[in-house]
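# Descriptive analysis of the structure
Listed below, chain by chain, are the residues.
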Amino acid sequence: MRREQLGLATLPPPLPLPEVPLYLLWHQRYDEDRTHVWLRDLATETVRALFAPA
């Protein structure tokens, strides 16, 4: 879902900001957990869609 579909608008920051990396971290025991894999994939897809250039 895009920002516009959510009714959100983005504005440029009032000053230059450095890019900040975003990391997903989880305990090793959840590496193969199907539900956790689904959640990580959904979170990754959502963040990419929200922060993709317009």
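The present account deals with the structure reproduced in this document. The numbers attached to residues start from 1 for each chain and follow its sequence in the written order. It should be noted that, the model being predicted, local features are given only for residues of pLDDT at least 70 and side-chain atom pairs only at 80 or more, the latter also being counted only at that level, while totals for whole chains, interfaces and linings use all residues. Excluding hydrogens and water, the side-chain figures rest on all heavy atoms present in the structure.

### Topic: a nonpolar patch on the surface
Candidate patch residues must exceed 30% relative accessible area and have no salt bridge, after which like charges are joined if within 9 Å and Val, Leu, Ile, Met, Phe, Trp or Tyr side chains if within 5 Å. Each accessible area is a Shrake-Rupley result for a 1.4 Å probe, and residues are judged covered by the shown protein chains and nothing else. The salt bridge definition used is simple: a Lys or Arg side-chain nitrogen within 4 Å of an Asp or Glu carboxyl oxygen. A contiguous nonpolar patch, built from Leu22, Val47 and Phe51 and spanning about 340 Å² of accessible area, is present on the exposed surface. By the element assignment, Val47 lies in helix 1 (residues 34-51). In this scheme, a residue with accessible area under 20% of its type's maximum is buried, one over 50% is exposed, and one in between is partly exposed, where area comes from a 1.4 Å probe on protein chains only. With relative accessibility at 30%, the residue Val47 sits in the partly exposed group. For the purposes of this entry, the term helix denotes a DSSP run of H or I that reaches at least four residues, the term strand denotes a run of E that reaches at least two, and both are numbered from the N terminus.

### Things to note about helix 1
Here helix 1 is 18 residues long and its end C-alpha atoms lie 26 Å apart, about the 26 Å a rise of 1.5 Å per residue gives. Of the residues making up helix 1, those classed as buried are His36, Arg40 and Ala49. Polar contacts, as counted here, are pairs of nitrogen or oxygen atoms within 3.5 Å of one another; within protein the pair requires one atom able to donate a hydrogen and one able to accept it, and residues that are adjacent in sequence qualify only if both atoms are side-chain atoms. Its side-chain oxygen 3.2 Å from the backbone nitrogen of Thr35, Asp33 forms the N-cap of helix 1. Each helix should span, by expectation, one fewer than its residue count multiplied by 1.5 Å.

### Remarks on the packing of aromatic side chains
A pair of Phe, Tyr and Trp rings is counted when the ring centres sit within 6.5 Å of each other, with Trp represented by its six-membered ring. The angle between the planes then sorts it: under 30 degrees is stacked, over 60 is edge-to-face, the rest tilted. Applying the stated criterion to the full structure yields zero aromatic pairs. The criterion for a charge sitting over a ring is simple: Lys NZ or Arg CZ within 6 Å of the ring centre, and within 35 degrees of the ring normal. Note that Arg40 overlies the ring of Trp26, its terminal NZ or CZ placed 4.0 Å from the centroid.

### Quick notes on the side chain of His36
Summarising the element assignment, His36 is placed in helix 1. A polar side-chain atom of His36 sits 2.7 Å from a polar atom in the side chain of Arg40. In this description, contact between two residues means that some pair of their heavy atoms is separated by no more than 4.5 Å. Ignoring anything within four residues of it in the chain, the contact list for His36 reads Trp26 and Tyr30.

### Examining the side chain of Arg40
Inspection of the secondary structure puts Arg40 in helix 1. Within polar-contact distance, the side chain of Arg40 engages the backbone oxygen of Tyr30 at 3.2 Å.

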